[in-house]
Amino acid sequence: MLTASCSGCNEKAKEAESVVEKTDTTALLIMQLQKCSRLYTAEYDIHKIVTHSDEKRLKGKLFDHEFDVRMPLGDRKIAIPINVKLKAYVDFAAFSKENVSHKGNKIEVTLPDPRVVVTSSKVNHDEIRQYVDLTRSRFTDAEMSNFENQGRVAVVKSIPQLGIIETARDNAAQVVIPMIVRMGYDEKDITVTFRKDYEWKVEKLKD
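Computed from a predicted structure; not experimentally measured.

1. Considerations on the pattern of salt bridges
According to the stated counting rule, one finds six salt bridges in the structure shown. Among the ionic pairs, E143 bridges to R76, the shortest N-O distance being 3.2 Å. Here the residue E143 occupies a position in helix α3 (residues 141–157), and R76 occupies one in strand β2 (residues 65–91), the gap between them amounting to 67 residues. Taken together, the shared-partner salt bridges connect E43, D45, K85 and K87 into one network.

2. Comments concerning the pairing of strand β7 (residues 190–194)
By the alternation rule, side chains of β7 split into I190, V192 and F194, which are all buried, and T191 and T193, of which none is buried. Pairing analysis gives five bridges linking strand β4 (residues 106–111) to β7, with the strands arranged parallel. In the strand pairing of β7, V109 is matched with V192.

What counts, and where the lines are drawn
Residues numbered from 1 in each chain as written. Predicted model: local features only at pLDDT ≥ 70, side-chain atom pairs only at ≥ 80, totals over all residues. Heavy atoms only, no water. Salt bridge = Lys/Arg side-chain N within 4 Å of Asp/Glu carboxyl O. Helix = DSSP H or I, 4+ residues; strand = E, 2+ residues; numbered from the N terminus. Buried < 20%, exposed > 50% of the residue type's maximum accessible area, 1.4 Å probe, protein only. Pairing = 2+ DSSP bridges.

Dropping the structure here:
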């Protein structure tokens with residue numbers, strides 16, 4: 001599911017229409033975007049099944065020959081389904097005149113780097129599946145907790161491939177451009193960009 005939400009953005013932009021002629025547009029734009037604070041522009045729900053398998057093996061050395069033999073009835077397998085919610089946002093708290101440039105009737109706005117936050121992570125305990133041979137003990141709570149954490153880490157590492165950063169950028173531009181148009185600019189004269197040397201960041205889990 002994709003979203004773009006910003007408290008007060010549209011209302012403040014509409015107010016700007018009546019004062020465009022009397023107010024410096026750069027200062028006005030900065031003020032409006034700073035009031036947006038965090039602009040949430042993308043939300044992804046990721047479902048992942050974490051699997052783990054181990055087996056008992058007999059290893060040793062006999063007559064100068066090493067051996068490694070799988071023991072019968074020694075398998076343990078587990079599948080843990082987890083749901084991870086990711087949200088991407090643009091923080092305008094530090095937005096300043098350095099982010100805006102004019103050239104004639106044209107305006108270019110460089111938006112702050114999108115950030116990603118893991119807002120929730122939940123294990124579907126009812127759907128956990130285990131297969132344990134008679135000679136083995138079941139997985140402990142500590143082991144399952146470790147596998148669950150590995151699943152969350154895997155989701156975070158996959159963020160660059162999910163497209164959430166690109167979606168966050170596109171949706172942020174779709175919110176900002178109409179605001180600038182209301183200030184008197186022609187849409188064809190507006191360019192919204194992001195830093196080219198951007199490095200994505202993920203914030204700590206928030207419930």
